[in-house]
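Architecture at a glance
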Amino acid sequence: MIAHPKARFLALAFVVLGLWLGFPNKLVSLPFLVLFYPLGLALLGKTEPTPKKAFLAAWLAGSLGHVLALYWLYVPMTNVGGLPLAAAIPCALLVCVILATQAGLFALASRYFWKEEAPLTSLAMALVWYFLELGYALVAGFPWLPLSGALAPLPWSLQIADTLGATLAGALWAGCALAIGGAIFAQKWQGLVAGLLVAALLGGYGMYRLPEMDPLVGPEEAAFQLPKPSEDKTVFPVLLVEGNIDQNQKWVEAFRTSTVKTYVDLSLFAVQKARQRARSDEERLALESYLSRGLILWPETAMPFDLARSPHTRSLMAMVIEAKMPLLTGAPGQEAGPGRTRQVYNRVWLLDANGYPAGSYDKEHLVPFGEYVPSFFRWKFLEGLLQEIGAYSEGTRTSPLRLGSLSLGPLVCYEAVFPWLAQERVAKGANVLVDVSNDAWFGDTSAPWQHLALTGLRALEQNRYLVRCTNSGISAIFDNRGRLVFHGPQFQAEALWAEAATISENSLFHRYYMYIPAACGVLLALLLAVFALAGKRTNIPSQRTSSKRT
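What counts and what doesn't
- Residues numbered from 1 in each chain as written.
- Predicted model: local features only at pLDDT ≥ 70, side-chain atom pairs only at ≥ 80, totals over all residues.
- Heavy atoms only, no water.
- Helix = DSSP H or I, 4+ residues; strand = E, 2+ residues; numbered from the N terminus.
- Expected span 1.5 Å × (residues − 1).
- Buried < 20%, exposed > 50% of the residue type's maximum accessible area, 1.4 Å probe, protein only.
- Arc of directions from axis to C-beta.
- Salt bridge = Lys/Arg side-chain N within 4 Å of Asp/Glu carboxyl O.
- Pairing = 2+ DSSP bridges.
- Axes fitted to C-alpha atoms, helices over the stretch in contact; angles between N-to-C directions.
- Contact = heavy atoms within 4.5 Å.

1. Quick look at helix H14 (residues 281-292)
Compared with the 16 Å implied by 1.5 Å per residue over 12 residues, the 16 Å span of H14 between its first and last C-alpha is a close match. Taken residue by residue, H14 has Leu-287, Tyr-290 and Leu-291 as its buried positions. The buried side chains of H14 occupy one side of the element, clustering within an arc of 95° when seen end-on. Set apart from the buried face of H14 by more than 90 degrees, the exposed residues are Asp-281, Glu-282 and Leu-285.

2. So, helix H7 (residues 119-139)
Since the α-helix packs 3.6 residues into each turn, any two residues three or four apart lie on the same face. Compared with an ideal rise of 1.5 Å per residue, which puts 21 residues at 30 Å, H7 spans 30 Å between its outermost C-alpha atoms and is within 8% of the ideal. Downstream of H7 by one or two residues, Gly-141 has phi in the positive range, about 70°.

3. Regarding unusual backbone geometry
A cis amide bond, omega 20°, links Gly-473 with the succeeding residue Ile-474. By the secondary structure assignment, Ile-474 is in the loop between strand S9 (466-470) and strand S10 (476-478). Even without a glycine there, the phi angle at Cys-413 is positive, about 55°. Mapped onto the fold, Cys-413 is located in the loop between strand S7 (406-412) and helix H16 (419-427).

4. Let's talk about the pattern of salt bridges
Following the criterion strictly, the structure yields 18 salt bridges and no others. The partner of Asp-444 in a salt bridge is Lys-26, with the nearest N and O atoms 2.9 Å apart. Of this pair, Asp-444 sits in the loop between strand S8 (432-437) and helix H17 (447-462) while Lys-26 sits in the loop between helix H1 (7-22) and helix H2 (36-47), and the two are 418 residues apart along the sequence. Assessed through its relative accessible area of 52%, Asp-444 is described here as exposed. Judged by its relative accessible area of 45%, Lys-26 is partly exposed. Several salt bridges share partner residues, and in doing so they unite Asp-162, Arg-209 and Arg-481 into one network.

5. Focus on the sheet that holds S8
Sheet strands line up and pair through hydrogen bonds in the backbone, either parallel or antiparallel. Read across the open sheet, the 6 strands follow the order S6-S7-S8-S9-S10-S11; overall the sheet is mixed. The open sheet terminates on both sides in strands that have one partner only, identified here as strand S6 (401-403) and strand S11 (484-487). Each strand of the sheet is rotated relative to its neighbour by a mean of 20°, with strand direction disregarded. Strand direction decides the pairing type here: S6 and S7, joined by 3 bridges, are antiparallel. Its bridge partner lying in S7, Leu-403 is registered against Leu-406. Strands in contact with H16 are S7 and S8; relative to S7, the strand with the most contacts, it is inclined by about 160°. Packed on one face of the sheet, H17 meets S8, S9, S10 and S11 and runs near 155° to S9.

Laid out in structure tokens, this is it:
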């Protein structure tokens, strides 16, 4: 048991501050502070007098930390879904206290398996953390606060994710925090050297894997950037169009024409501006050739109607033909369901440079309470969360959208936080990942920045560029090392030129993805067996001494 007199108080503070300030937020973001979160939970497991109190203390502290990090949950419920605060706040709190049970379980595990003087127990607890994050992602379906999501703004810290995945990379940093922090609190220094050594290896590998890159193109520079033809045939231009359409007007019939006009005008103006820069026939030919292998990208449900049935689609086709560039846009899709029912999909449509349909993708992982209401929550007052479109159906077509040299792996909004969905896109041949989102739901909160950080992890894991376009920002480009190389502004109607590249080589994580959980499970089982055997050996001498005295 840790004897430090202030350990319990510090543990509680570590949990709350690690969650709150470690993840992107509007106050101050200190990414490495997130490592105090698992350390605080482990300390609570060792300092509380009983297992029940250890679980409760960690659960309560974790609940407060989740509330501070996810305070924005009530915003889409009220501003978009129309729920009164009296209903939205309890719903948001319920999500936080459910997710915080993970904190209680980790504290409970640390009580039994973590020994500050034994570095291998910190490795075991890192594996426990890995399985808890993985399990909650699969069961709860809301993996919004993984440790790797906080560390994402420091790409050098997570480069090992190209081999082990972001979840396990974050867990290894948690193990370092336990080894170093436990040694300091218990004043038993065996774990300090081990923790610092592993941290140095993780950081050293990260620095080694990061090549030099051009300076980040931020919001100020993004507005003035124009496409520059590249001789590298893997490089292609992307026109990211943010309409900044009011979420509460989006589905109103009277605003559809203005919505279409906003996106069409922004796109054509940007293309014309790029063409005006060419001063000679040679420059114009080079530019047209470069643009023809690129893409115009509009965000999730940018068009609030079914393209196959709406007269507004003619405006999109005309724009594509004039721009001589293909268009990828989000818009609902409708198909006949069983009987006389209809099924509505959150769809991504691809139009080629001649304005013809070239494929579509239907979102397969829907957001509860945003795109459907679970059957056990079919309450009238929650229907407003679905807005005018109603409940979506899950998509089943997951193949990449192919056009020329591009093989686009689509991820719609929330899907970018799930490693296995990006894995599936690349397994089916995607050479670039494309995320379309509508973060207008979140308003001016921390959520868009948290979402952005999580999205970049998929690029690093899969060794792919990831292109991201949103309605109100933050549109972005991540390179294949998970670095943010371009991002636009928020809450401005903009058309932004950026560039990305196609990559066909798969990462080690992609190749061995299916074996990583099994390998971690075997290693954890072996470590626990060793600890159990060591515990029995420790008890034998004391039992013999006791019998002699008797």
